[in-house]
Amino acid sequence: MDYLNENINMLMLDLEEKLGERANHVKSEFSLIRAGRVNTGIVERVMVDYFGTPTPIKNLANISCADSRTVVINLWDTAIIRETSRALENANLGANPIDDGRIIRMIFPQLTAERRKELVKQVKQIAENGKVSMRNDRRAALDNLKKIVKEEKLSEDDQLLIEKDVQKLLDTYISSLDNLLSKKEVDILEV
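The rules behind each value
Residues numbered from 1 in each chain as written. Predicted model: local features only at pLDDT ≥ 70, side-chain atom pairs only at ≥ 80, totals over all residues. Heavy atoms only, no water. Salt bridge = Lys/Arg side-chain N within 4 Å of Asp/Glu carboxyl O. Helix = DSSP H or I, 4+ residues; strand = E, 2+ residues; numbered from the N terminus. Buried < 20%, exposed > 50% of the residue type's maximum accessible area, 1.4 Å probe, protein only. Pairing = 2+ DSSP bridges. Axes fitted to C-alpha atoms, helices over the stretch in contact; angles between N-to-C directions. Parallel < 35°, antiparallel > 145°, perpendicular 65-115°, else oblique. Nonpolar A, V, L, I, M, F, W, Y, C, P; charged D, E, K, R; others polar.

## Here's the deal with the pattern of salt bridges
Part 1 of the argument: For the structure shown, the criterion picks out eight salt bridges.
Part 2 of the argument: We note a salt bridge from E118 to R115, for which the minimum N-O separation is 3.2 Å. Of this pair, E118 and R115 both sit in helix 4 (residues 113–152), three residues apart, which is roughly one turn of that helix.
Part 3 of the argument: Using a relative accessible area of 38% as the deciding quantity, one classes E118 as partly exposed.
Part 4 of the argument: When the shortest N-O distance is used, the salt bridge between D178 and K131 registers 2.5 Å.

## Let's talk about the sheet that holds strand 4 (residues 70–75)
Whenever strands of a sheet pair, they do so through backbone hydrogen bonds, lying parallel or antiparallel.
Part 1 of the argument: In space, the four strands of this open sheet follow the order 3-4-6-5, with antiparallel pairing throughout. The sheet is open, and its two borders are formed by strand 3 (61–65) and strand 5 (97–99), each paired with just one other strand. For this sheet, the mean inter-axis angle between neighbouring strands, taken without regard to orientation, is 20 degrees.
Part 2 of the argument: In terms of strand pairing, strand 5 meets strand 6 (residues 103–107) through three bridges, oriented antiparallel. Opposite D99, over in strand 6, you have I104 as the bridge partner.

## Description of the packing of helix 4 against helix 5 (residues 156–189)
Helix-helix packing is described using two parameters, namely the angle between the two axes and the distance between the axes.
Part 1 of the argument: Where helix 4 meets helix 5, the axes come as close as 10 Å, and the angle between the chain directions of the two elements is 170 degrees. As judged from the angle between their axes, helix 4 and helix 5 are roughly antiparallel.
Part 2 of the argument: Grouping the amino acids of the contact of helix 4 with helix 5 by side-chain chemistry returns 17 nonpolar, three polar and ten charged.

Here is the structure:
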């Protein structure tokens with residue numbers, strides 16, 4: 001019986017870990033989408049050719065927001081300012097980099113109502129993809145549960161209780177994703 005409990009606990013811990021990873025992925029994707037204010041996350045993942053090695057800008061510079069529309073990139077090694085500007089242009093972030101030989105500034109235009117609606121659709125799609133992934137994780141956990149039930153001769157009542165626990169866990173994570181989505185929508189639509 002201890003072996004069975006260990007298998008069930010491992011199943012639940014594994015599911016919770018996967019759901020947490022999905023939620024964190026959605027959060028990181030949300031951080032890349034500009035709402036009313038720009039944030040440094042918009043440029044942090046842009047890859048720069050740093051002497052033959054693709055490197056994220058966040059590893060090469062101090063990145064800050066000068067105001068609600070301007071991102072300032074202060075490179076530690078000014079020898080790569082041209083490569084960095086080119087990488088930012090190619091990333092197509094919605095603003096062109098302006099470099100003065102030491103610092104790169106990116107001034108983002110105000111979002112139009114139409115662009116805000118597009119961003120809301122994009123955020124909803126990201127959240128939906130996250131939910132689908134979470135549901136797939138639930139399905140995999142339930143398949144594993146069926147294997148455990150066959151091997152260990154678990155009663156149907158116990159199986160149903162565990163399935164309910166799996167569903168409760170999924171519902172908790174989906175609810176937190178919905179809350180995150182509604183906050184991001186408000187952020188985007190706020191003028």
